[in-house]
Amino acid sequence: MGVWIQGVLNLVVGFLSLALMNDAADHGQDEGSGMLRFLAVLTLVIAGALLLCGVFADKRSNGIRVTVIVIESLVLLSGVVGLFQSGVSVLPGIVLALVVLRGFSSAEARNWFDR
């Protein structure tokens, strides 16, 4: 369930970020937005990967579990870095990543995905 929530939220944030950057570009305020545009596209890629993992989770492939763990670890690392840069606004993302990581790293999840 957490994978679906995070995938949808990443999708919304990615599209909203791109829309805001396009609006700023339309008003001549796009200087230095290359890295932000890259991060917005990366957010969309991560959203797609998480949603695909959610779709194929019923196949019970261990590769799905490992993919989610890797993505969530990167999200957690990014959140910790963001904590130092932008403050507590990234805490919900960190908490969600921890919840999903805990669920996918548990012995129960390991057994379920290993069949």
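Heads up: the structure comes first, above all this text.
All values reported here derive from a predicted model rather than from experimental measurement.

Here we look at the layout of surface pockets
Empty space left among the atoms is revealed by rolling a probe the size of a water molecule over them.
Working step 1: Counted as a void, the largest pocket has a volume near 970 Å³.
Working step 2: Listed by contribution, the elements that provide at least two residues to the lining of the largest pocket are α1 (2-26), α2 (34-56), α3 (62-86) and α4 (91-105).
Working step 3: When residues of the lining of the largest pocket are assigned to their parent elements, the largest contribution, eight residues, is made by α2.

Side note on the environment of T43
Working step 1: Structurally, the position occupied by T43 is in helix α2.
Working step 2: Expressed as a C-alpha distance, the spacing of T43 and S17, which sit 26 residues apart in the sequence, is 9.5 Å.
Working step 3: Non-local contacts of T43, meaning those with residues more than four positions away in its chain, are made with N10 and G14.

Describing the nonpolar core
Working step 1: Ranked by size, the top nonpolar core spans twelve residues in total: V3, L50, C53, I64, V68, I71, V75, A97, V100, F104, A109 and F113.
Working step 2: Those elements that provide at least two residues to this core are α2, α3, α4 and α5 (107-114).
Working step 3: For this core, the element with the highest residue contribution is α3, accounting for four residues.
Working step 4: In contact with I64, not counting residues within four places along its chain, are C53, F56, A57 and F113.

Describing the side chain of R65
Working step 1: Relative to the elements of secondary structure, R65 occurs in helix α3.
Working step 2: The charged side chain of R65 is buried without a salt bridge, its nearest counter-charge being D114 at 5.5 Å.
Working step 3: Only 3.1 Å separates the side chain of R65 from the backbone oxygen of F104, close enough to count as a polar contact.
Working step 4: Apart from residues lying up to four places away in sequence, R65 is in contact with F104, S105, A109, R110 and F113.

What counts as what
- Residues numbered from 1 in each chain as written.
- Predicted model: local features only at pLDDT ≥ 70, side-chain atom pairs only at ≥ 80, totals over all residues.
- Heavy atoms only, no water.
- 1 Å grid on protein atoms, 1.4 Å probe; cavity = no way out; pocket = protein on both sides within 12 Å on 5 of 7 lines; lining within 4 Å.
- Points joined across faces, edges and corners; volume = space filled by probe spheres on them.
- Helix = DSSP H or I, 4+ residues; strand = E, 2+ residues; numbered from the N terminus.
- Contact = heavy atoms within 4.5 Å.
- Core = buried A, V, L, I, M, F, W, Y, C linked by side-chain atoms within 4.5 Å.
- Buried < 20%, exposed > 50% of the residue type's maximum accessible area, 1.4 Å probe, protein only.
- Lys, Arg positive; Asp, Glu negative; His and termini not counted.
- Salt bridge = Lys/Arg side-chain N within 4 Å of Asp/Glu carboxyl O.
- Polar contact = N/O pair within 3.5 Å; in protein donor to acceptor, adjacent residues only side chain to side chain.

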